[in-house]
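# What the coordinates show
Chain residues, written in single-letter form:
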Amino acid sequence: MNKKKHTKLSNRYKRIFLSKYTSFVAALISIVVAPVIFYFGKRSGAIDLAESFNLLIRMVLIAALFYSLRSHKLFLMQASTVGLLFCMLCSQSQYALGELANQDSETFITMGLQGFIFLAGERMLLFIQAFICTSHFIIHAIRKQEKIRVSINQTAILFLFVLLIVQLIIAPFLSFGLNYILYIWTLHLDEFFIFVLIACAELILMIDQREYVLGG
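Now for a description of the structure that goes with this document. (Residues numbered from 1 in each chain as written. Predicted model: local features only at pLDDT ≥ 70, side-chain atom pairs only at ≥ 80, totals over all residues. Heavy atoms only, no water.)

## Structural notes on the overall build of the chain
To keep things clear, this is the line we draw: Under the DSSP-based scheme used, a helix requires at least four consecutive residues in state H or I and a strand at least two consecutive residues in state E, with every element numbered from the N terminus. For this analysis, residues touch if any pair of their heavy atoms sits within 4.5 Å. The accessible surface values rely on the Shrake-Rupley method and a 1.4 Å probe; as for residues, cover is taken only from the protein chains in view.
Looking only at helices and strands, the chain has 8 helices and 0 strands in total. The N-to-C order of helical and strand elements in the chain reads α-α-α-α-α-α-α-α. Sequence separation of at least 24 residues holds for 79% of the intrachain contacts in the chain that already meet a minimum separation of 6. A total of about 11,600 Å² of accessible surface is found on the chain, and carbon and sulfur atoms cover 69% of it.

## As for the packing of aromatic side chains
The criterion, for reference: Aromatic contacts are taken between Phe, Tyr and Trp rings whose centres are within 6.5 Å, Trp giving its six-membered ring; a plane angle under 30 degrees counts as stacked, one over 60 as edge-to-face, and the others as tilted. The buried label goes to any residue with under 20% of its type's maximum accessible area, the exposed label to any with over 50%, and the partly exposed label to all in between, with areas taken from a 1.4 Å probe on protein chains only.
Summed over all chains, the structure comprises 7 aromatic pairs. A ring pair is formed by F24 and F66, whose centres lie 6.1 Å apart and whose planes are at 55 degrees; its orientation type is tilted. Taken together, the residues span a long stretch of sequence, with F24 in helix 2 (residues 20-44) and F66 in helix 3 (residues 49-71) at a distance of 42 residues. By relative accessible area, which is 38% here, F24 ends up partly exposed. An aromatic cluster of three or more residues is present, and its members are F17, F161, F192 and F193.

## Structural notes on the pattern of salt bridges
Counted only if it meets this: Think of a salt bridge as a Lys or Arg side-chain nitrogen and an Asp or Glu carboxyl oxygen that are within 4 Å of each other.
Enumeration over the complete set of coordinates arrives at 2 salt bridges. D190 is the partner of R58 in a salt bridge, and the nearest nitrogen-oxygen pair spans 3.1 Å. One end of the pair, R58, is in helix 3; the other, D190, is in helix 8 (residues 178-215), with 132 residues separating them in the sequence. For the residue pair R58 and D190, the accessibility class agrees, reading buried in each case. Residues participating in the shared-partner salt-bridge network are E51, R58 and D190.

## Thoughts on the environment of L164
Looking at the element boundaries, L164 is found in helix 7 (residues 147-170). Taking relative accessible area as the criterion, L164 reaches 0% and is therefore assigned buried. Along the primary structure L164 and G121 are separated by 43 residues, whereas in three dimensions their C-alpha atoms are 8.3 Å apart. Excluding residues that lie within four positions of it along the chain, L164 makes contacts with L125, H188, E191 and F192.

## Side note on a nonpolar patch on the surface
The condition that has to hold: Distance thresholds for patches are 9 Å for like charges and 5 Å for nonpolar side chains (Val, Leu, Ile, Met, Phe, Trp, Tyr), applied to residues having over 30% relative accessible area and no salt bridge.
Residues L113, F116, I117, M124, F127, F159, V162 and V166 make up a contiguous nonpolar surface patch of roughly 760 Å² in combined accessible area. Elements supplying a minimum of two residues to the nonpolar patch: helix 6 (113-141) and helix 7. Ranked by residue count, the leading element in the nonpolar patch is helix 6, at 5 residues. Here F116 is to be found in helix 6.

## Regarding the packing of helix 2 against helix 3
The test is simple: Lines are fitted to the C-alpha atoms to define the axes, a helix being fitted only along its stretch in contact, and any angle between axes, read from their N-to-C directions, falls within 0 to 180 degrees. Angular relationships are summarised with four words: roughly parallel below 35 degrees, roughly antiparallel beyond 145, roughly perpendicular across 65 to 115, and oblique for the angles in between. Lys, Arg, Asp and Glu make up the charged group, whereas Ala, Val, Leu, Ile, Met, Phe, Trp, Tyr, Cys and Pro make up the nonpolar group; the residues left over, Gly among them, are polar.
For the pair helix 2 and helix 3, interaxial distance at closest approach is 10 Å and the crossing angle is 170 degrees. Classed by the angle they form, the pair helix 2 and helix 3 counts as roughly antiparallel. On the side of helix 2, the interface is formed by K20, S23, F24, A27, S30, I31, A34, I37, F38 and K42, while helix 3 contributes S52, L55, M59, I62, A63, F66, L69 and R70. A breakdown of the residues in the contact of helix 2 with helix 3 according to their chemical character gives 12 nonpolar, 3 polar and 3 charged.

## Quick notes on the packing of helix 3 against helix 4 (residues 74-99)
The test is simple: A clockwise turn of the near helix away from the far one marks a right-handed crossing, whereas an anticlockwise turn of less than a right angle marks a left-handed crossing.
Interaxial distance between helix 3 and helix 4 falls to 9 Å at its minimum, and their mutual angle equals 155 degrees. If you check the angle between helix 3 and helix 4, you find them roughly antiparallel. Along this stretch, helix 3 crosses helix 4, giving a crossing that reads as left-handed. Residue-level contacts link E51, N54, I57, R58, L61, I62, A64, L65, Y67, S68 and L69 of helix 3 to L76, M77, S80, T81, G83, L84, C87, M88, C90, S91 and Q94 of helix 4. A per-class count over the contact of helix 3 with helix 4 returns 13 nonpolar, 7 polar and 2 charged.

## Focus on the environment of C87
Summarising the element assignment, C87 is placed in helix 4. The exposure class of C87 is buried, given its relative accessible area of 9%. Taking the C-alpha atoms as reference points, C87 and I57, 30 residues apart in sequence, are found 7.9 Å from one another. Residues contacting C87, with those up to four places away along its chain left out, are N54, I57, R58 and L61.

Encoded structure:
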């Protein structure tokens, strides 16, 4: 019974992330939201030249990844996925270990529970993104792909989605300025859909590698 349920969930996961509609919506929202992040980031003083450049590179990589998904160009898909993963990791590390670390801890303590959850969530997001990056290289570096590694990576991406949703819910209740809150909210919304796009690419690359191993 449990095996049947697991198979149904697995098939549903594949249907969602193999759908062309999913990748189109994810890419479209990711690109549209990027200029909004820049606008609120500039207004709140939270975004610098380095992060602005990161946003620009991110938009280029999103377009490249979407094109590779539609045309099924696997080498471009792999390169774009790796680039986006590093882009996201650099951005999150700069935010979690740089900007938030420079703020007084009392700022978050006075916010109460939501402040503590938000701060912990940002550090957890950094950890999960680092894990996904590492897992991506392990999965695609080995010739013989083990099912457990694929399952762990997919689970990590799903857990990341949950964390991002939590951060999106909490952000409006933080006692920061409106522009900064909107910057945080749009930033995490963008991250959510970027990782949806990455999940689409990851699944296709995993299926392709599995077919390559079985065929070899």
